[in-house]
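Understanding the architecture of this molecule
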Amino acid sequence: MAKPSRKWYVVWHGHNPGVYETWDETRRQVEGVPGAAYKSYPSLGEANEAYQQGASAALSAPRPARPAPRRGGTTAPIVPSVCVDAACNMTTGVMEYRGVDTATGALLFHMGPFEDSTNNIGEFLAVVHALSLLQRTQSTLPIYTDSRTALSWVRNKHAKTTVQRTVANAQVFALIDRAEHWLKSHSYPNKVLKWETEDWGEIPADFGRK
């Protein structure tokens, strides 16, 4: 089995901002911090550069195009297209989501942070956000998500979440209600597809926090 590649972690907004060598160290800096800003990098040099750039510039910077699929993998992803992803702190329930251009990683939208939520909710909202955005621009581009749950919820036009409504997540549930209404009242030509992580690597919209 291949040895996992090493990562360095940048924390811009947390208990003690800085560059960390392990996820455990990073997690201790961001747990319990609403809107914590952090991301992983494949080299110490890139991490230091990103830390100096600041969160706003680093998190919105385009990523390089993805490589071809690994040997024996499935067909390469369709390009051009849109990719979406969500990130949720399992301890605090703080969630955010975004959509990017698959080929370049250019940021198309970024929403959050939202309280008392889940990753599945974020993935669902991200797909519907992308569908709405593409319809407004009359684009037929496909959309990729790495969440089977989000695909199911979009297909059924209903977010089957067990999360309870609270004062803190009122905004999230308002978005869910609006997303479900949009799906039930609109048709769209865009294909919503599963991103094959095992063959293609992390989805380009990935927040790099694991």
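Look up a bit, the structure's there.
Residues numbered from 1 in each chain as written. Predicted model: local features only at pLDDT ≥ 70, side-chain atom pairs only at ≥ 80, totals over all residues. Heavy atoms only, no water.

**Overview of the side chain of R98**
Put simply, the test is: Going along the chain from the N terminus, every DSSP run of H or I of four or more residues is numbered as a helix, and every run of E of two or more is numbered as a strand. Relative accessible area decides the class of each residue, using a 1.4 Å probe on protein chains only: under 20% of the type maximum gives buried, over 50% gives exposed, and in between gives partly exposed. Charge counting treats Lys and Arg as positive and Asp and Glu as negative, with His and both chain ends excluded. Salt bridge criterion: a side-chain nitrogen from Lys or Arg within 4 Å of a carboxyl oxygen from Asp or Glu. Think of a polar contact as two N or O atoms within 3.5 Å of one another; within protein, one of them needs to be a possible hydrogen donor and the other a possible acceptor, and neighboring residues in sequence only count if both atoms come from side chains.
If you trace the backbone, R98 turns up in strand β5 (residues 95-101). Buried charge without a salt bridge: R98, with D85 as the nearest opposite-charge side chain at an N-O distance of 6.3 Å. In this structure the side chain of R98 is engaged in a polar contact, spanning 2.8 Å, whose partner is the backbone oxygen of D206.

**Section: the pairing of strand β6 (residues 107-114)**
Heads up, the condition is: Pairing between strands requires that DSSP locate at least two bridges from one strand to the other.
Bridge count between β5 and β6: five bridges; the pairing is antiparallel. Across the sheet, the residue bridging to R98 is H110, located in β6. The turn joining β5 and β6, which pair antiparallel and follow one another in sequence, is formed by five residues; a positive phi near 80° is taken by G105.

**Focus on the packing of aromatic side chains**
What counts is decided by this rule: Pairing of aromatic rings covers Phe, Tyr and Trp, the last through its six-membered ring, and needs centres within 6.5 Å; plane angles under 30 degrees mean stacked, over 60 mean edge-to-face, and all others mean tilted.
Across all of its chains, the model carries seven aromatic pairs by this definition. A ring pair is formed by F124 and W153, whose centres lie 6.0 Å apart and whose planes are at 70°; its orientation type is edge-to-face. Placement of F124 in helix α4 (residues 119-136) and of W153 in helix α5 (residues 148-156) is noted, with a sequence separation of 29 residues between them. Each member of the pair F124 and W153 is classed as buried. Between the aromatic rings of W195 and W200, the centroid separation amounts to 4.8 Å while the plane-to-plane angle is 75°, which identifies the pairing as edge-to-face. A relative accessible area of 0% means that W195 is categorised as buried. By relative accessible area, W200 is classed as buried at 9%. In textbook terms, an aromatic cluster arises when at least three aromatic residues are bridged by ring pairs, as seen for Y97, F109 and F114.

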